Amino acid sequence: MTAEIKIDTALERERDPVGAIQQQLRAAVERLTLPQTVYELLRLPMRAIKVAIPVHLEAGGYRLFEGWRVQHSDVLGPTKGGIRFHPAVSEQEVTALAMWMSYKTAANGLPLGGAKGGVRVDPRALSVRELEQLSRGYVRLLRNEMGPRRDIPAPDVNTDARIMGWMADEYMQLVGQSEPGFVTGKPLVLGGSPGRLEATGRGVVVTVREVLRARGQRLAGARVAVQGFGNAGRVAARRFAEAGARVVAVSDSRAAVYCEQGLAVPALIAHKQRTGSVGGFPGAEPIGQEELLTLEVEVLVPAALENAITEELAPRVRARVIAEAANGPTTAAADAILRQRDIWVIPDIVCNAGGVIVSYFEWVQNTTGYLWTARKVERLCEDKLVQTCAALLGCAEQLGLDLRQAAYTLAVERLAEGLRARGRLNEQGAPR
Ligand code: NAD
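Here, residues in each chain are numbered from 1, in the same order as that chain's written sequence. Reporting in this predicted model follows two pLDDT cut-offs: at least 70 for local features of residues, and 80 or more for side-chain atom pairs to be given and counted; totals over whole chains, interfaces and linings ignore these cut-offs and use all residues. No hydrogens and no water enter the side-chain calculation; it runs on all heavy atoms of the structure.

(A) The arrangement of the site of the ligand in detail. To be near a molecule or strand, a residue needs just one of its heavy atoms within 4 Å of it. Taken together, 22 residues sit near the ligand, with D156, T200, N231, A232 and N327 positioned nearest. Polar contact is the term for a pair of N or O atoms within 3.5 Å; when the atoms are in protein, one must be able to donate a hydrogen and the other to accept it, and sequence-neighboring residues count only if both atoms are side-chain atoms. The separation between an oxygen atom of the ligand and a polar main-chain atom of G230 is 3.2 Å. Backbone polar atom of A232 to an oxygen atom of the ligand: 2.8 Å apart, as the coordinates give it. Per-residue and other accessible areas were derived by the Shrake-Rupley procedure at a 1.4 Å probe size, with only the shown protein chains allowed to occlude residues. In isolation the ligand has 830 Å² of accessible area, and contact with the protein removes 83% of it. A run of DSSP states H or I qualifies as a helix once it reaches four residues; a run of E qualifies as a strand once it reaches two. Both are numbered from the N-terminal end. Of all the secondary structure elements, the ones that give two or more residues to the shell around the ligand are α7 (196–214) and α8 (231–242).

Right, here's the structure in full:
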């Protein structure tokens, strides 16, 4: 991993999430009057490993797939973070995702650090056997860098419980013992936690409810638009509808649909399962994917990929609240415009934290060998998010910050405390 990420053009600068995170870190360090060393120690990941994974193709021959595991900080505990399979994965993207994980675990008071993994691949172009080889190959090459007390992977975009099951099996075969805590988001039968699959989407709705309450508004009757209809977006949409909100628009990578009265979300989920897209859903009108982001709604939920809301789009956003179910969906320039326009953004490191909170519960269950009920998991996750939201709203109000600045303030304060408690800062704040 080289020191600074090189940036060539204004567009790349706008879309450089690592730079945006470093800016948030620097501002939080200054706000908290912490030693500059805290910034120096947290501005880059502690370790970044690149691998080339060979896959024996069914059509004959081998193909190498590039992959990464980036571990940002283990100050607060073993590093934790999902693995993404996507054609646009890069070291820079995985680095940003690893950094967000550190700030997420810190802001939510979890005893974990932050990491992320990714493989540059279009998984839809692989057969099941090729996908399994790729997943197992990733673990084989990184077995010494990951582990239940070291770095714990989980699902992310285009990876799921089945892939986590293959990865868990590969690791356990390599180390020759049962290690269910190696990975979270596993199938239930292998020690997965009840409620993990739904945790991110459910958590998004809890954080929106808490933030709307602070604004004197309610979920019931609120109009909601959701970009992305995968694990996070689909569950969030269903839970919004169950809570009495009106989910008026939804999109996926192929299409977007709108219905003024509110979409029938369970039927839409079944339609997507049947046809592969939300497009063509009976009773809904097709709209443009970008149009969805500028609809007049109370809540806009970007739940797809990074950089969905750009500097160019931000002046046209008409939502009152943006709930970042995805990681990094708002560029730094867009964020500044939304702040000026008094549009509240619930930052990713709080909004989508339900996933890592329940992953933490899964790891705790694996470590103790005792399985919790779905009710207990859901209740404890909700309690944790409500606590985080209260701290977030309190910090924002007290220091006159937006919610993202407040979330980084909470996270950096805890990371600095961890650095100090470990003796990594001396009295003057210099590293030792
Ligand atoms: P997923 O692969 O299940 O779903 C992604 C969805 O986004 C798909 O429906 C895809 O069609 C859609 N999409 C892609 N490009 C789009 C575009 N341009 N316009 C509209 N839709 C588009 O992934 P996921 O697990 O739901 O993750 C989504 C986001 O949430 C990612 O940023 C991820 O890092 C974040 N996240 C997920 C979890 C989790 O537990 N799954 C936890 C925390 C954060």
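Resuming the write-up.
(B) Focus on α7. One fewer than the residue count of a helix, multiplied by 1.5 Å, yields its expected span. Along its 19 residues, α7 runs 27 Å from first to last C-alpha, staying within 8% of the 27 Å computed at 1.5 Å per residue. To get the bend at a given residue, fit one axis to the seven residues ending there, fit another to the seven starting there, and take the angle between those axes. The principal kink in α7, of about 25°, is found at R202. Extensive coverage of α7 is indicated by the burial of 14 of its 19 residues. Throughout this description, buried means an accessible area under 20% of the type-specific maximum (1.4 Å probe, protein chains only), exposed means over 50%, and partly exposed covers the range between.

(C) Focus on α8. With twelve residues, α8 extends 17 Å between its outermost C-alpha atoms, agreeing within 8% with the 16 Å of an ideal straight helix rising 1.5 Å per residue. Taken together, the buried positions of α8 are A232, G233, V235, A236, A237 and F240. Buried residues in α8 make contact with α7, β6 (223–227), β7 (246–251), α9 (265–275) and β10 (299–302). We call two residues in contact whenever any of their non-hydrogen atoms come within 4.5 Å of each other.

(D) Local environment of the side chain of K116. Within the secondary structure, K116 is located in strand β4 (residues 114–120). A distance of 3.2 Å separates polar atoms of two side chains, one belonging to K116 and the other to D156. If near-sequence neighbours (up to four positions away) are discounted, K116 is found in contact with W68, R69, V70, G81, G82, V94, L97, A98, M101, D156 and N327.

(E) Just the pairing of β7, in detail. Burial within β7 is extensive, with five of its six residues counted as buried. Strand direction decides the pairing type here: β6 and β7, joined by five bridges, are parallel. Each residue of the ladder has a partner; that of V226, found in β7, is V250. Strands pair, by our definition, only if DSSP identifies at least two bridges between them. Pairing geometry for β7 and strand β8 (residues 256–258), over three bridges, is antiparallel. Paired with S251 across the bridge in β8 is A256. Linking β7 to β8, which pair antiparallel, is a turn of four residues.

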